[in-house]
Amino acid sequence: MEGVDHLAFERNKAQFDVDEMKIVWAGSREDFELSDRISRLVASDPVFRKDDRAALGRKELFKNTLRKAAHAWKRVIELRLSGEFSALEPEAYKLRAFVDQPAFTDLHWGMFVPAIQGQGTDEQQQKWLPLAYRMQIIGCYAQTELGHGSNVQGLETTATFDPKTDEFVIHSPTLTSSKWWPGGLGKVSTHAVVYARLIIDGQDYGVHGFIVQLRSLDDHLPLPGITIGDIGMKFGNAAYNTMDNGVLTFDHVRIPRNQMLMRVSQVTREGKYVHSNVPRQLVYGTMVYVRQKIVADASVALSRAVCIATRYSAVRRQFGSHNGGLETQVIDYKTQQSRLFPLLASAYAFRFVGEWLLWLYTDVTERLKAKDFSTLPEAHACTAGLKSLTTTATADGIEECRKLCGGHGYLCSSGLPELFAVYVPACTYEGDNIVLLLQVARHLVKTVSQLSTGNKPVGTTAYMARLEQLLQYHSDVKKAEDWLKPNVVLEAFEARAARMCVACAQNLSKFSNPEEGFQELAADLVEAAVAHCQLIVVSNVYALSLLHKHLGDFISTGCIDPKQGSLANEQLRNLYSQVRPNAVALVDAYNYTDHYLGSILGRYDGNVYPKLYEEAWKDPLNDSIVPDGFKEYIQPLLKQQLRNARL
Ligand SMILES: CCCCC/C=C\C/C=C\C/C=C\C/C=C\CCCC(=O)SCCNC(=O)CCNC(=O)[C@H](O)C(C)(C)COP(=O)(O)OP(=O)(O)OC[C@H]1O[C@@H](n2cnc3c(N)ncnc32)[C@H](O)[C@@H]1OP(=O)(O)O
Ligand SMILES: Cc1cc2nc3c(=O)[nH]c(=O)nc-3n(C[C@H](O)[C@H](O)[C@H](O)COP(=O)(O)OP(=O)(O)OC[C@H]3O[C@@H](n4cnc5c(N)ncnc54)[C@H](O)[C@@H]3O)c2cc1C
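Under an unreviewed UniProt entry, the name given to the protein is Acyl-coenzyme A oxidase, and the source organism is Vigna mungo. What UniProt records for the protein under Cofactor (unreviewed entry) is the sentence "FAD".

Structure follows, in structure tokens:
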């Protein structure tokens, strides 16, 4: 039987309506139709071709990225994809997603524009946003420096107010103060939102954002006092090397006073620092926005890997042939299922948690507009924690999918190496995942310590209000099916998270210096934060596989006993059997085109072997039968052996 038939057979086994599931995955019928239309449009446009990427050198790759970005922008305007010509509209955002090549435009639309929207005054928005919306200026987000990334308060670039000229002088006082990493900075951006320490009359007011022009709008040369370049090749072949992550230093560069982003705090003409009645953390608002976007995108990356691994696992056969019959599809091995299906479930779980987080973020934004800042700590903790949880699981999941595809998964034509290399920096950028979990832990410990003062926990920590009950809890699971009841699973996760948080809080109270305690207990705090974040995401297969993976936590906190742990495992095996006939249909529901998947192993038609064979011959090494270098390096060896043999 050929691969084509394998997948048709798999599709017939499905026990649910794939078309309905496509709509669930997309969010609504409207979203489904939009994604479907745009993904086909991209797939059929030769400019958006991407199967040649792995063989391109850095310069060609970068030029190819510029070409695609310019073409995408042209399409956005020609097709009137959005009324405002803004790439923030859903159609244009989808176009970018399906083009599937990171570019400077991500930072322009994803960070530069939101930074001005969130931190600029009305006048600043009126001046800068129309230019940015039309891409008459191109911006990036220049925060991280060579010496400091996580520790934002440790940034060294200075913005010193000069009352004589009503300007700020932007300066890089040390090598370590060089801006280092901002995407789009290296070769493209004309402007940046630069984060620098505000200095007035010798006093340091901490880090603030400033709009700084970097390059001439005529000849693209850096303006006087500015040195810029690309920071060099990054992990992976094509991967994130389409992006010009840059280095930037300032030598006393002057900008007008009104280019400090002044929504949170202002500097007057006289050089007086005025802080509005809003939390200073709003300066970090763009990061909160992007973390929420990253959570929403995690399910996309994971589902692509899972789609490839599931289809290929149904096509691939090894062992088990009797009397010359077919061998076993590797998807039928329980070990394959126990590695693959939790990832399939995670992709769905992350899809829904992404929607929920968008809701939470929208709610917080509305409240902020109405000057209600009460939900900001919860929004920060949720976006930071879920960003960390989903990107770690997705990066690990993509790598697991590569292994699930055996040797062929290591070929670039499987699509998996590049998917991993492009995705894995998400564990670091927009906040290192451990640093972000420690932020969640701080929030949790604070919540626990405030319980005694009668402060009612809200939002995702609301379960802590039932602390007494959760500390008494012991699961009453008696048979495997009991683990199918959502409230049984939920309670176990709540009790585990609550107990881990309380244990951390108790241990912390033993230290006379709380900061010292926090450093000492950091590893436990991170585990408690993970437990809390997993609680936010739990749902059936996903939940039980997590429970199985973290069984130690559940048993050591006394939430369940070992017997109940093995019942959960038994139930998990049953669930795998239920997922099995639906697996291919569940990944079809993502509705990804072959262009978007970019994988021979994940082809919709399952025609893997002939296409792998065909693809191999396209490698540049196969352009000639005898390789370049044969005469210089191989032939002399062979001749030498001949001489030795004769001796
Ligand atoms: C496929 C389609 C793609 C389409 C693309 C288009 C759009 C998508 C959008 C964008 C994506 C674009 C590209 C993506 C790719 C790459 C982008 C990468 C860009 C970057 O990579 S860009 C740099 C990011 N760089 C960081 O991410 C630094 C991490 N480091 C920090 O973030 C802080 O530095 C922290 C938090 C570690 C410590 O900060 P700290 O030392 O000042 O604070 P401290 O711990 O003392 O906390 C004091 C009080 O502030 C509260 N607090 C803290 N942070 C808050 C916040 N954000 N909001 C509200 N409250 C907050 C605390 O909870 C506490 O509260 P309390 O006092 O009540 O306890
Ligand atoms: C591909 C990519 C794109 C990027 N794009 C941009 C951009 O557009 N603009 C921009 O401004 N920046 C950008 N960055 C920078 C990025 O935001 C930082 O690299 C990130 O915030 C991590 O900071 P760091 O590099 O200082 O890591 P570090 O903080 O130096 O981390 C090193 C190690 O120390 C650990 N660590 C650090 N602090 C603590 C602590 N308190 N407790 C325990 N462990 C700790 C970390 O867990 C990690 O293991 C980008 C980075 C990458 C990789």
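When helices and strands are counted, the protein shows 23 helices and 11 strands. Taken over the C-alpha trace, the protein has a radius of gyration of 27 Å; the compact-globule value for 647 residues is 26 Å, and the two agree within 12%. Overall, the C-alpha framework of the protein stretches about 90 × 75 × 65 Å when taken along its three principal axes. Counting the 647 residues in the protein, one finds 43% classified as buried. Here the contacts in the protein between residues at least 6 apart in sequence split such that 73% fall between residues at least 24 apart.

This part covers the UniProt feature "binding site: FAD" (unreviewed entry) in the protein. With numbering matched to this structure, UniProt assigns "binding site: FAD" (unreviewed entry) to T144 and G183. Their sequence span is 40 residues, while the largest C-alpha to C-alpha distance among them is just 10.6 Å; these annotated residues converge on one region. Residues within four places of T144 in sequence aside, it is in contact with G149, K179, W180, W181 and P182. The buried category is assigned to G183, around which 26 C-beta atoms lie within 10 Å.

This next bit is on the site of ligand 2. Contacts to ligand 2 come from 23 residues, most closely from Q143, T144, G149, S150 and W181. Counting residues per element, the ones that place at least two in the shell around ligand 2 are β1 (139–142) and α12 (433–451). With 3 residues, α12 is the single largest residue contributor to the shell around ligand 2. Across the shell around ligand 2, the residue classes tally to 12 nonpolar, 9 polar and 2 charged.

This part takes up the site of ligand 1. Looking at ligand 1, there are 32 residues lining it, with G110, V152, Y284, H380 and G431 nearest. Contributing elements (two or more residues each) for the shell around ligand 1: α5 (90–99), α6 (104–119), α8 (285–315), α10 (376–404) and α12. Residue classes in the shell around ligand 1 are distributed as 14 nonpolar, 12 polar and 6 charged.

The subject of this paragraph is the sheet that holds strand β7 (residues 226–230). Each strand in a sheet pairs with its neighbour through backbone hydrogen bonds, running either in the same direction (parallel) or in the opposite one (antiparallel). Across the sheet, which stays open at both edges, the 3 strands sit in the order β4-β8-β7 with antiparallel pairing between neighbours. The open sheet has two edge strands, β4 (179–180) and β7, and neither has a second partner. Both β7 and strand β8 (residues 246–250) contribute to a ladder of 5 bridges, which runs antiparallel. Each residue of the ladder has a partner; that of D230, found in β8, is G246.

Next up on the list: unusual backbone geometry. In the Ramachandran plot, N323 falls in the positive-phi region, its phi being about 50° despite a non-glycine side chain. Structurally, N323 is set in the loop between α8 and α9 (334–369).

For the rest of this paragraph, the subject is helix α7 (residues 122–133). Taking 1.5 Å per residue as the helical rise, α7 with its 12 residues ought to reach 16 Å, and the 16 Å between its terminal C-alpha atoms agrees with that figure. Looking at the residues trailing α7, positive phi occurs at M135, about 60°.

This paragraph deals with the environment of Y273. Note that Y273 resides in strand β11 (residues 273–275). Separated by 149 residues in the primary sequence, Y273 and Q124 have C-alpha atoms spaced 18 Å apart.

In this model, α9 (36 residues) spans 52 Å end to end at C-alpha, consistent with the 52 Å of a helix rising 1.5 Å per residue. The positive-phi residue at the C-terminal boundary of α9 is K371, with phi of around 60°.

Moving on to the packing of α9 against α10. Orientation of α9 relative to α10, taken along the N-to-C sense of each, is 155°, at an axis distance of 10 Å. Considering the angle they form, α9 stands roughly antiparallel to α10. Considering the relative orientation of α9 and α10, their crossing is left-handed. Residue-level inspection shows Q336, R339, L340, L343, S346, F350, V353, L357, L360, Y361 and V364 of α9 in contact with α10, the latter providing L376, A379, C382, T383, L386, T390, A393, G397, E400, C401 and L404.

Following the sequence through the fold, L470 ends up in helix α13 (residues 467–472). Among the residues examined, L470 registers 20 C-beta atoms within 10 Å and is labelled buried. Measuring from C-alpha to C-alpha, the distance between L470 and E491 comes to 8.0 Å, with 21 residues separating the pair along the chain. The residues contacting L470, other than those within four sequence positions of it, are Y463, E494, A495 and A498.

Per-residue confidence for the protein gives a mean pLDDT of 94, with 97% of residues at or over 70. The ipTM for the predicted assembly is 0.97, set against a pTM of 0.96.

With that settled, consider the packing of α8 against helix α11 (residues 416–423). At their nearest, the axes of α8 and α11 sit 11 Å apart, and the two run at 165° to each other. As summarised for this structure, α8 and α11 are arranged roughly antiparallel, according to the angle between their axes. As α8 runs across α11, the sense of the crossing is left-handed. Residues A301, R304, A305 and I308 of α8 form the contact with α11, whose own contacting residues are L416, L419 and Y423. Its residues placed into classes, the contact of α8 with α11 shows 6 nonpolar, no polar and 1 charged.

Rules behind the numbers
Residues numbered from 1 in each chain as written. Chains lettered and ligands numbered in written order. Predicted model: local features only at pLDDT ≥ 70, side-chain atom pairs only at ≥ 80, totals over all residues. UniProt positions renumbered as here; feature names shortened; annotations may be inferred. Helix = DSSP H or I, 4+ residues; strand = E, 2+ residues; numbered from the N terminus. Rg over C-alpha atoms; globule rule 2.2 N^0.38 Å. Buried ≥ 20, exposed ≤ 12 C-beta atoms within 10 Å, placed from the backbone. Contact = placed C-beta atoms within 7 Å. Near = placed C-beta within 6 Å. Nonpolar A, V, L, I, M, F, W, Y, C, P; charged D, E, K, R; others polar. Pairing = 2+ DSSP bridges. Expected span 1.5 Å × (residues − 1). Axes fitted to C-alpha atoms, helices over the stretch in contact; angles between N-to-C directions. Parallel < 35°, antiparallel > 145°, perpendicular 65-115°, else oblique. Left-handed = near helix turned anticlockwise from the far one by under 90°. pLDDT = per-residue confidence, 0-100.

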